Amino acid sequence: MEKLTELSQAGVSIWLDDLSRSRITSGNLQQLIDEASVVGVTTNPAIFQAAIAGAADYAADIAQLESEGAHAEEIITKLTTDDVRAACDLFAGVYADTNGYDGRVSIEVDPRLAHRCEHTFHQAKELWQLVDRPNLMIKIPATKEGLNAIKAATAEGISVNVTLIFSIERYREVTEAYLAGLEKALEKGVDISQIHSVASFFISRVDTEVDKRLEKLGGPDALEMRGEAGIANARAAYGVFIEQFEESERFAELAAQGANVQRPLWASTGVKNPNYSPTLYVDQLVSAHVVNTMPEATLEATAREAEITGDTIRANIDRAHSVIDKIIRLGIDFQEVTTQLENEGVEKFEIAWNELIVAVEEAMK
């Protein structure tokens with residue numbers, strides 16, 4: 001696992017984008033911690049749908065909970081929080097060794113609440129209390145309505161994984177929500193040194209949509225820009241991270257009180273185009289304070305063939321803006337792309353959640 005070690009030493013925290021009961025009980029997750037430099041886990045509604053629907057290792061729990069009168073959504077909450085709690089316990093050593101920087105496990109609020117601020121905030125508090133582990137992170141979608149929920153949860157001392165970020169503009173709003181939440185937490189007497197946050201910037205989906213539009217435009221100038229948008233968008237976002245957390249007096253004052261930076265997290269890092277390197281969204285997005293959450297296929301590809309050459313972001317931020325500007329000049333409405341992807345992201349998670357409810361109801365029958 002030499003390449004994974006090199007990636008970790010270059011400043012990237014490797015988190016697995018997957019979780020299931022069998023991964024925990026079989027010892028597979030512990031093995032990844034011990035041997036593959038995996039220091040965290042992320043989940044989402046689609047991951048839980050894939051893990052629970054039809055899986056035999058959940059059947060007994062579903063039957064028991066059903067016999068006690070629980071309905072499908074209550075059963076899902078119990079199953080998912082139990083798995084996440086168990087994963088948190090597996091990562092307790094990493095959490096202690098890194099002083100809370102890593103060893104994190106994320107669970108997402110009900111995606112149907114993505115546009116309902118108060119409901120999102122209340123469920124974030126409920127999940128935080130149910131799992132009851134300091135190394136938990138609550139995933140809140142970065143919709144316009146989600147921004148106030150992010151601020152409110154941070155102010156309560158809850159560590160938040162902000163998910164479904166596609167645009168630089170929205171990412172800047174996310175960092176503002178985090179900083180405002182820290183300031184509010186300080187006012188309330190919360191120990192802000194215990195609050196950690198990541199901002200999950202989605203990568204491959206940007207390329208998928210922009211590439212489709214570039215191919216529709218046709219011509220050599222458009223076609224040569226395929227596979228450029230996702231990395232450029234992420235690198236430009238890292239420029240915002242530098243502004244907000246390395247150069248701003250506002251954060252410097254919070255840091256003096258113990259505040260932690262909100263780290264950029266690269267999500268959707270499995271390539272969708274088979275013509276691209278399977279590690280494209282790994283070795284081209286290396287820098288300090290970065291999290292890369294990988295599906296298992298990407299983790300395995302990284303271990304086999306990634307080329308870790310040190311920081312591949314900071315020296316390329318200006319070029320990233322030039323790439324985005326060129327794509328826009330070609331006629332691609334980048335804002336329209338990112339808005340569409342945000343809406344589709346919420347919709348896909350809602351579909352997965354509803355499918356999970358149906359699957360559990362079928363198991364109950």
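Residues numbered from 1 in each chain as written. Predicted model: local features only at pLDDT ≥ 70, side-chain atom pairs only at ≥ 80, totals over all residues. Heavy atoms only, no water.

Peer 1: For this particular structure, what's the right way to read the overall build of the chain?
Peer 2: A count of helices and strands for the chain gives 18 helices and eight strands. For a compact globule of 365 residues, the expected C-alpha radius of gyration is about 21 Å, and the chain comes in at 20 Å, within 12% of that figure. With the C-alpha coordinates aligned to their principal axes, the bounding extent of the chain is approximately 65 × 45 × 40 Å. The proportion of buried residues among the 365 residues of the chain is 55%. Within the chain, contacts between residues separated by at least 24 positions form 78% of all contacts whose residues are at least 6 apart in sequence. When the accessible surface of the chain is split by element, carbon and sulfur atoms take 47% of a total near 14,900 Å². (Helix = DSSP H or I, 4+ residues; strand = E, 2+ residues; numbered from the N terminus. Rg over C-alpha atoms; globule rule 2.2 N^0.38 Å. Buried < 20%, exposed > 50% of the residue type's maximum accessible area, 1.4 Å probe, protein only. Contact = heavy atoms within 4.5 Å. Areas by Shrake-Rupley, 256 points an atom, 1.4 Å probe, with all protein chains shown as cover.)

Peer 1: Where do I start with the packing of helix H10 (residues 168-187) against helix H13 (residues 229-246) in this structure?
Peer 2: A pair of packed helices can be characterised by two numbers: the angle between their axes and the separation between those axes. One can describe the packing of H10 onto H13 by two numbers: an axis separation of 10 Å at closest approach and a directional angle of 30°. With respect to H13, the element H10 is oriented roughly parallel. For the element pair H10 and H13, the recorded crossing hand is right-handed. Here H10 contributes Ile-168, Tyr-171, Arg-172, Thr-175, Glu-176, Tyr-178 and Leu-179 to the contact with H13, which in turn contributes Asn-233, Ala-236, Ala-237, Val-240, Phe-241, Glu-243, Gln-244 and Phe-245. Here the residues of the contact of H10 with H13 sort into nine nonpolar, three polar and three charged. (Axes fitted to C-alpha atoms, helices over the stretch in contact; angles between N-to-C directions. Parallel < 35°, antiparallel > 145°, perpendicular 65-115°, else oblique. Left-handed = near helix turned anticlockwise from the far one by under 90°. Nonpolar A, V, L, I, M, F, W, Y, C, P; charged D, E, K, R; others polar.)

Peer 1: In this structure, what is going on with the pairing of strand S5 (residues 160-165)? I would like to understand it.
Peer 2: Across a regular strand the side chains alternate sides, sitting on one face of the sheet and then on the other. Most of S5 is tucked away, with six of its six residues classed as buried. As paired strands, strand S4 (residues 136-141) and S5 are joined by four bridges and run parallel to one another. The residue of S5 that forms the bridge with Lys-139 is Asn-161. Note on the crossover from S4 through helix H9 (residues 146-155) to S5: the handedness is right-handed. Two strands pair when backbone bridges link them, and S5 and strand S6 (residues 197-202) are joined in this way by four bridges, in the parallel orientation. Looking at the pairing, Val-162 lines up with Ala-199 of S6. Taking the sense of rotation as the criterion, the β-α-β connection linking S5, H10 and S6 turns out right-handed. (Pairing = 2+ DSSP bridges. Right-handed = clockwise from strand over helix to strand, strands pointing away.)

Peer 1: Can you help me understand the sheet that holds S4 in this one?
Peer 2: Whether parallel or antiparallel, the strands of a sheet pair through hydrogen bonds between backbone atoms. Taken together, eight strands build a closed barrel; the order of strands is S1-S2-S3-S4-S5-S6-S7-S8 and the barrel is parallel. This sheet shows a mean twist of 30° between the axes of neighbouring strands, independent of strand direction. By the bridge criterion, four bridges tie strand S3 (residues 104-108) to S4 in an arrangement that is parallel. Each bridged residue has a counterpart across the sheet, and for Ser-106 the counterpart in S4 is Met-137. Where helix H8 (residues 117-131) meets the sheet, it contacts S3 and S4, and its direction lies at approximately 160° from that of S4.

Peer 1: Would you mind showing me how to read the pairing of strand S8 (residues 290-294) here?
Peer 2: Of all the five residues making up S8, five are buried; the element is thus mostly covered by neighbouring parts of the structure. Note: strand S1 (residues 12-16) against S8, five bridges, orientation parallel. Each bridged residue has a counterpart across the sheet, and for Val-12 the counterpart in S8 is Val-290. For strand S7 (residues 262-267) and S8, the ladder comprises two bridges, and the chain directions are parallel. Bridging across to S8, Trp-266 finds its partner in Asn-292.

Fair warning: the whole summary comes from geometry, so function is off the table for now.
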